[in-house]
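# A look at the structure
Here is what each chain is made of, one letter per residue.
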Amino acid sequence: QVQLVESGGGLVQPGGSLGLSCAASGSIFSIYAMGWYRQAPGKQRVLVAAITSGGSTNYADSVKGRFTVSRDNAKNTVYLQMNSLKPEDTAVYYCNAQIRTGVPGISAYWGQGTQVTVSS
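Residues numbered from 1 in each chain as written. Predicted model: local features only at pLDDT ≥ 70, side-chain atom pairs only at ≥ 80, totals over all residues. Heavy atoms only, no water.

## Quick look at the overall build of the protein
Scanning the protein for helices and strands turns up zero helices and 11 strands. Whereas a compact globule of 120 residues would reach a radius of gyration of roughly 14 Å, the protein reaches 14 Å, a difference of no more than 12%. For the protein, the C-alpha atoms occupy an extent of roughly 50 × 25 × 20 Å along the three principal directions. A total of 120 residues make up the protein; the buried ones form 36% of that total. The long-range fraction of contacts in the protein, counting pairs at least 24 apart against all pairs at least 6 apart in sequence, stands at 53%. For the protein, the separation between the mean place of its 9 positive charges and that of its 5 negative charges on side chains is 4 Å. (Helix = DSSP H or I, 4+ residues; strand = E, 2+ residues; numbered from the N terminus. Rg over C-alpha atoms; globule rule 2.2 N^0.38 Å. Buried < 20%, exposed > 50% of the residue type's maximum accessible area, 1.4 Å probe, protein only. Contact = heavy atoms within 4.5 Å. Lys, Arg positive; Asp, Glu negative; His and termini not counted. Charge placed at Lys NZ, Arg CZ, Asp CG, Glu CD.)

## Let's talk about the pairing of strand β3 (residues 18-26)
Bridging between strand β1 (residues 2-7) and β3 involves six bridges; their strand directions are antiparallel. Within β3, the residue paired with S7 across the bridge is S21. (Pairing = 2+ DSSP bridges.)

## Comments concerning the sheet that holds strand β8 (residues 77-82)
If you walk across this open sheet you meet the four strands as β1-β3-β8-β7, and the pairing is antiparallel. Each edge of the open sheet is held by one strand with a lone partner, namely β1 and β7 (67-72). Neighbour-to-neighbour, the strand axes of this sheet turn through a mean angle of 15°, independent of strand direction. The pairing of β3 with β8 spans six bridges and is antiparallel. Residue pairing in the sheet places L18 in a bridge with M82 of β8. (Axes fitted to C-alpha atoms, helices over the stretch in contact; angles between N-to-C directions.)

## Some points on the state of the cysteines
All told, the structure shown has one disulfide when counted by the stated rule. The partner cysteine of C22 in its disulfide is C95, sulfur to sulfur 2.1 Å. Across the S-S bond linking C22 and C95, the dihedral sits near -85°, which makes this disulfide left-handed. Taken as a pair, C22 in strand β3 and C95 in strand β9 (residues 91-100) lie far apart in primary sequence, 73 residues in all. (Disulfide = S-S within 2.5 Å.)

The values are spatial; any link to function lies outside them.
Take a look at the structure:
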């Protein structure tokens with residue numbers, strides 16, 4: 001009943017920039033937090049950045065100062081602006097949302113994933 005749709009991703013040279021977006025739709029009462037995870041080949045999925053509905057943010061040490069997460073609560077959308085990209089940032093990026101639906105309780109939902117490749 002809840003769907004997360006990601007857009008963005010692609011191929012970019014080292015030092016370049018790329019922006020991702022993720023919109024949640026469906027039976028949503030409220031969104032507690034939204035964020036981005038990434039998974040490289042042979043690696044586990046790890047948190048990149050997250051933001052609460054109130055605007056509090058959390059970043060992985062590897063992306064601090066380079067990535068910025070933001071949100072538009074009215075549109076149930078989260079964004080990830082990635083600057084100064086490095087080859088090590090290459091991965092599939094997944095949107096995540098912690099959502100309260102029509103009944104009490106919070107559940108986690110995932111987007112379909114989008115490929116980000118940083119290469120010369």
